[in-house]
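What follows is each chain in one-letter form.
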Amino acid sequence: MKRAMATWDEASARRLGRQFLDRPAAPGTALDEVVGAMLGAHAQVLSAAEVSVGVRAAGVTRADVRAALWEERSLVKTFGPRGTVHLLPAAELPLWCGALTAIPTGSSPFPPDARVTEEQARQIVTAIGDALDGVCLTVDELGEEVVARTGPWAGDRVMEAFQDLWPRWRQVMHRAGQSGALCFGPDRGRKVTYTRPPSFDPLPGQPALRELVRRYLRAYGPATPQHFAKWLAAPASWAAGLFRELAEGGEIEEVAFEGTEGAWVTAGDTEFAGGPVRGVRLLPYFDAYAIAAQPRESLFPGEAYRRALARGQAGNFPVLLMDGVVAGVWHQRRRGRRTTITVELIGRRRLTGRQERELGEQVERVGAVLEATAELVVGEVTVGPHA
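The numbers attached to residues start from 1 for each chain and follow its sequence in the written order. Per-residue local features of the predicted model are confined to residues with pLDDT of at least 70, and side-chain atom pairs are confined, for both listing and counting, to 80 or more; whole-chain, interface and lining totals are unaffected and use all residues. Hydrogens and water molecules were not included; the side-chain quantities draw on all heavy atoms of the structure.

J.: I would appreciate a short explanation of helix H1 (residues 8-18) in the present structure.
T.: Note that an α-helix has 3.6 residues per turn; residues three or four places apart therefore point the same way. Relative accessibility decides the category of a residue: with a 1.4 Å probe and only protein chains considered, values under 20% of the type maximum give buried, values over 50% give exposed, and everything between is partly exposed. To qualify as a helix, a DSSP run of H or I must reach at least 4 residues; to qualify as a strand, a run of E must reach at least 2; elements of each kind are numbered from the N terminus. Burial analysis of H1 places eight of its 11 residues in the buried class, the great majority of the element. Burial in H1 covers these residues: Trp8, Glu10, Ala11, Ser12, Arg14, Arg15, Leu16 and Arg18. Positioned one or two residues after H1, Phe20 has a phi angle of 60°, which is positive.

Now the structure itself:
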């Protein structure tokens, strides 16, 4: 049977549409639906997550994202893909926790005398869940509870982190989040707090992983097992085996994708709209699209690969997306109720009249999400990555 075919432009158009980046979600669309379509919003810096969600949903501000997170609880801030902090739909926690805990882990980066055993890791995760049931605790308060429930060994300060030493138990904190024992609570003044999400039963590991592959391919396909592995920070050989199982079961199918060997989509999802991608978008730090859309060399063409990535890693710079590819970087500096957004065009690019208007609209939109009046400056971005 002849394989379906997709060009880069066709794949980009479909991805942007499914990400609410060609046209924002209509007013009233539930924010967990928007975040679900992204497969999570990176939230190590919450303001970046607010922009990621806000530029995809008409009329949404950071206050709406915070209300969904802390009041409605339709979103949860927890440890997601790659062990990094994400906003995830609360209703999808059974899927995420089932899948993330089934991904094989690599060797510990810590020296032998600092590591925890698997049994110790299980004790810590259980202690975290018990300690956080129905309360919000700071990391120091949580540490005291973990040590009381496990033993002094959990509190040994053996982890090198940020010119400091952290207690041993914190090296599996992300696993507690991925298993559903922990999520973030509202800040207490300047201090982060943690709590336990509402009780749920995670999906079994293998069915959850298969569903996660299907969702990933729907959002970011065509994609290879290596792309999927990179997105999850998982072993490439393991991902290849998982894709083989799905292919043998008829759940995914291979397509001919411009510039990429061995690319897959979910079975039957082979329709790609024709025509070039058009439009200007501002994506913040660690936006899901900039991280997950592959191949990266096509998304960051030419000089953009050097300027907008940090040693090949996406997300460290907010990016200007122009007609489906990265064409610049940007930075915003806030002063009270005003923010200045500086946009640097990469190479010798010049804006057309249409692009100039759209960029101005995007700057206004980012300002509205952040509840600030935004001013556009086109010029050099002088700050470094993740500044």
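J.: Would you mind showing me how to read unusual backbone geometry here?
T.: Excluding glycine, a negative phi dihedral is what most residues carry, and trans is how most peptide bonds are arranged. Note the cis peptide between Gly221 and Pro222, where omega equals 0°. Assignment of secondary structure puts Pro222 in the loop between helix H9 (205-220) and helix H10 (225-232). Backbone torsion omega between Gln294 and Pro295 reads 0°, so that peptide bond is classified as cis. Positioned with a positive phi, Ala233 is a non-glycine residue whose angle comes to about 55°. In this structure, Ala233 sits in the loop between H10 and helix H11 (236-248). A residue is classified by how much of its surface remains accessible, and Ala233, at 58% relative accessible area, is exposed.

J.: Explanation requested: the pattern of salt bridges in the structure shown.
T.: Two side chains carrying opposite charge are able to pair once their charged atoms lie near each other. Throughout this description, the term salt bridge denotes a Lys or Arg side-chain nitrogen within 4 Å of a carboxyl oxygen of Asp or Glu. Enumeration according to the criterion identifies 21 salt bridges in this entry. For Arg122, the salt bridge identified is with Glu119, shortest N-O distance 3.2 Å. Residue Arg122 and its partner Glu119 are both found in helix H6 (residues 118-132); the two are separated by three residues, about one turn of the helix. Under the relative-accessibility criterion, Arg122 is labelled partly exposed at 48%. For Glu119, a relative accessible area of 41% translates into the label partly exposed. Residues Arg157 and Asp164 are paired through a salt bridge, measuring 3.7 Å at the closest nitrogen-oxygen approach. Through salt bridges with shared partners, one network takes in Glu92, Arg210, Glu211, Arg214, Arg215 and Glu251.

J.: When you look at empty space enclosed by the protein in this model, what are you seeing that I'm missing?
T.: Only protein atoms enter the 1 Å grid used here. Points where a 1.4 Å probe fits but cannot escape make up a cavity, open sets with protein on both sides within 12 Å along at least five of seven lines make up a pocket, and a residue lines them when an atom lies within 4 Å of a point. Grid points are joined across faces, edges and corners, and a volume is the space filled by probe spheres set on the points. For the structure shown, the criterion picks out one cavity of 30 Å³ or more. By volume, the largest cavity is sized at about 60 Å³. Each residue receives one of three labels: charged for Asp, Glu, Lys and Arg, nonpolar for Ala, Val, Leu, Ile, Met, Phe, Trp, Tyr, Cys and Pro, and polar for the others, Gly being one of them. Residue composition of the lining of the largest cavity, by class: seven nonpolar, three polar and one charged.

J.: It is not clear to me how the nonpolar core should be interpreted in this structure. Could you clarify?
T.: In globular proteins that are soluble, nonpolar side chains generally tend to be buried together. Counting residues in hydrophobic clusters, the biggest one holds 125 residues, and the most contacted among them are Leu142, Phe228 and Phe300. Considering every element that reaches this core, the biggest residue donor is H9, with eight residues. The contact definition used throughout considers only heavy atoms, calling two residues in contact when any of these lie within 4.5 Å. Ignoring sequence-local partners within four residues, the contact set of Leu142 consists of Ile128, Ala131, Leu132, Leu137, Trp169, Met173 and Leu182. Residues grouped as a nonpolar core are buried Ala, Val, Leu, Ile, Met, Phe, Trp, Tyr and Cys residues, joined through side-chain atoms within 4.5 Å.

J.: Looking at this structure, I do not really get H10. What am I missing?
T.: Counting buried residues along H10, six of its eight residues qualify, which places the element largely inside the surrounding structure. Those residues of H10 lying buried are Pro225, His227, Phe228, Ala229, Trp231 and Leu232. In the core, the buried residues of H10 are packed alongside helix H5 (93-100), H9, H11, strand E11 (260-266) and helix H12 (288-292). Just past H10, the residue Ala233 takes up positive phi, approximately 55°.

J.: I keep staring at the sheet that holds strand E13 (residues 319-322) and nothing clicks. Help me out?
T.: Within a sheet, each strand pairs with its neighbour through backbone hydrogen bonds, oriented either parallel or antiparallel. Between any two strands, pairing holds if DSSP finds at least two bridges. Here five strands make up an open sheet; going across it, the order is E12-E13-E14-E15-E16 and the pairing mixed. Unpaired on one side and paired on the other, strand E12 (280-283) and strand E16 (373-378) mark the two borders of the sheet. Each adjacent strand pair in this sheet contributes to an overall mean axis angle of 30°, direction not counted. Strand direction decides the pairing type here: strand E14 (residues 325-335) and strand E15 (residues 338-345), joined by eight bridges, are antiparallel. Considered in E15, the bridge of Gln332 is made with Ile341. The axes are straight lines fitted to the C-alpha atoms, using for helices just the contacting stretch, and the angles between their N-to-C directions are given from 0 to 180°. The sheet strands contacting helix H15 (residues 353-369) are E12, E13, E14, E15 and E16, and the helix crosses E12 at an angle near 30°.

J.: Sorry if this is basic, but what is going on with the packing of aromatic side chains here?
T.: Working definition: a ring pair exists when centres of Phe, Tyr or Trp rings (six-membered ring for Trp) sit within 6.5 Å. Plane angles under 30 degrees give stacked, over 60 give edge-to-face, the rest tilted. Considering all chains together, one arrives at nine aromatic pairs under this definition. With a centroid separation of 5.7 Å and an interplanar angle of 40°, the aromatic rings of Phe79 and Phe184 are classed as tilted. Note that Phe79 is positioned in strand E3 (residues 75-79) and Phe184 in strand E8 (residues 183-188), a separation of 105 residues in sequence. Just as Phe79 is buried, Phe184 falls in that class too. A centroid spacing of 5.3 Å and a plane angle of 65° characterise the contact between Tyr216 and Phe228, whose relative ring orientation is edge-to-face. Residue Tyr216 is located in helix H9, and its partner Phe228 is located in helix H10; the two are separated by 12 residues in the primary sequence.

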